[in-house]
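An overview of the molecular structure
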Amino acid sequence: MSAEGAEPGPGSEPGPGSGPGPGPLCPEHGQALSWFCGSERRPVCAACAGLGGRCRGHRICRAEERAEELRNKIVDQCERLQLQSAAITKYVADVLPGKNQRAVSMASAARELVIQRLSLVRSLCESEEQRLLEQVHGEEERAHQSILTQRVHWAEALQKLDTIRTGLVDMLTHLDDLQLIQKEQEIFERTEEAEGILDPQESEMLNFNEKCTRSPLLTQLWATAVLGSLSGTEDVRIDERTVSPFLQLSDDRKTLTFSTKKSKACADGPERFDHWPNALAATSFQNGLHAWMVNVQNSCAYKVGVASGHLPRKGSGSDCRLGHNAFSWVFSRYDQEFRFSHNGQHEPLGLLRGPAQLGVVLDLQARELLFYEPASGTVLYTHHGSFPGPLFPVFAVADQTISIVH
């Protein structure tokens, strides 16, 4: 039994053969230390705990009861340590190998991307190729080393946890009540040490950083080469079924002209934009590398980019307005304001003048959309991210005319 201020009464002191057995005696009374003083946190005898004893009024309980409490604490702690060890073991066995494989895989993809791009402009950038490959290799080594460091760290943590648990189990099985009580501080310290070992956490240090392949020089040279080699072969034409009634489409389906009056000749259909002056290309892209150019010199209000086929077509809401929803990524101009827009986020572009031609490069393997001015060789904006396929070239005109370059 255990109670605040409990005192051993007559007959409460253990008789011959009872209690924990032979052990240390009270230095003051020469009696067995069969009680525990919670106030002084030490074992005491019945006389110390009695009415005239030094521990009168203190929190008193039987020594075996205190020992039982400590045993229960040790059992609980051992269970927690076992669960913690299992979690770390699972992390080392399941997560880290996957991290390593992904880092190796992403490094391989990045290396391939660098080589593919540099092959188009090999004569101009041999040194750039070497530099970038070294960066990829260095990033791969860094990610790999981080994973190895994690393995070592968690191996040490597992060993430490095992040592703590073994020590606690040894106390639990080999110490009598008084010895266990006297080891309470050590039990506390070991438990605190175990609690200081934190569980594994997600860390970017374990991931391969794709940004290591990004180079302004490479991007500019690559965009020039891509547009020069692919823009003439991409047969991008407007799907007349999607053309807004505020736009007129040329016979070759490459030129869009804005009209302030809504055309009554356009038959409405599910594909047609009925409010915003938008139009989609007839061709969609689901993978690979694609490029096309648009003549925009005659217009001061246009949008050019890509859009998902899920882009809504009906109504005046933002869900149909290019750049204001999750289904479209566009370069836009309104007078002297230039920006890149996606999902309602508009990033201003500090251009001093409007481009006469606008090149669009879509690299679905690298998850990259690039806008480029061929005349100056300037990359106007690059967007990196995941695209839900298929993607269609998309256009909007609210002033004059824009044309896909033949």
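The preceding data block contains the structure.
Computed from a predicted model, the values in this text were never measured in an experiment.

Definitions and cut-offs
Residues numbered from 1 in each chain as written. Predicted model: local features only at pLDDT ≥ 70, side-chain atom pairs only at ≥ 80, totals over all residues. Heavy atoms only, no water. Phe/Tyr/Trp six-rings, centres within 6.5 Å; stacked < 30°, edge-to-face > 60°. Helix = DSSP H or I, 4+ residues; strand = E, 2+ residues; numbered from the N terminus. Buried < 20%, exposed > 50% of the residue type's maximum accessible area, 1.4 Å probe, protein only. Salt bridge = Lys/Arg side-chain N within 4 Å of Asp/Glu carboxyl O. Pairing = 2+ DSSP bridges.

**Overview of the packing of aromatic side chains**
Under the defined criterion, the tally for this structure stands at eight aromatic pairs. Consider the rings of tyrosine 91 and tryptophan 154, whose centres lie 6.3 Å apart with planes at 75 degrees: the pair is edge-to-face. With tyrosine 91 in helix α2 (residues 63-120) and tryptophan 154 in helix α3 (residues 126-174), this pair connects stretches of sequence that are 63 residues apart. Across the pair, exposure class does not vary: tyrosine 91 and tryptophan 154 are buried alike. Centre to centre, the rings of phenylalanine 340 and phenylalanine 371 are 6.1 Å apart; their planes meet at 50 degrees, and the pair counts as tilted. Note that phenylalanine 340 is positioned in strand β11 (residues 337-342) and phenylalanine 371 in strand β14 (residues 368-373), a separation of 31 residues in sequence. Members of the aromatic cluster, each reached through a chain of ring pairs, are Tyr302, Phe331, Phe338, Phe340, Phe371 and Tyr381.

**Re the pattern of salt bridges**
Following the criterion strictly, the structure yields 21 salt bridges and no others. With its nearest N and O atoms 3.1 Å apart, the salt bridge here joins aspartate 177 to arginine 71. Taken together, the residues span a long stretch of sequence, with aspartate 177 in helix α4 (residues 177-182) and arginine 71 in helix α2 at a distance of 106 residues. Arginine 71 sits in the partly exposed class, given a relative accessible area of 22%. Of the charged contacts in the structure, one is a salt bridge between lysine 90 and aspartate 94, with a shortest N-O distance of 2.9 Å. Of this pair, lysine 90 and aspartate 94 both sit in helix α2, separated by four residues, roughly a single helical turn.

**Some thoughts on the pairing of β14**
Of all six residues in β14, six are buried; the element is thus mostly enclosed. With burial as the criterion, each face of β14 is covered, one bearing Glu368, Leu370 and Tyr372 and the other bearing Leu369, Phe371 and Glu373. The antiparallel hairpin formed by strand β13 (residues 357-363) and β14 contains four residues in its connecting segment, where arginine 367 sits at a positive phi of about 55 degrees. Note that β14 and strand β15 (residues 378-384) share six bridges and pair antiparallel. Bridge pairing in β15 links leucine 370 to threonine 382. Hairpin connection, β14 to β15: the antiparallel pair is bridged by four residues, and glycine 377 has positive phi, about 70 degrees.

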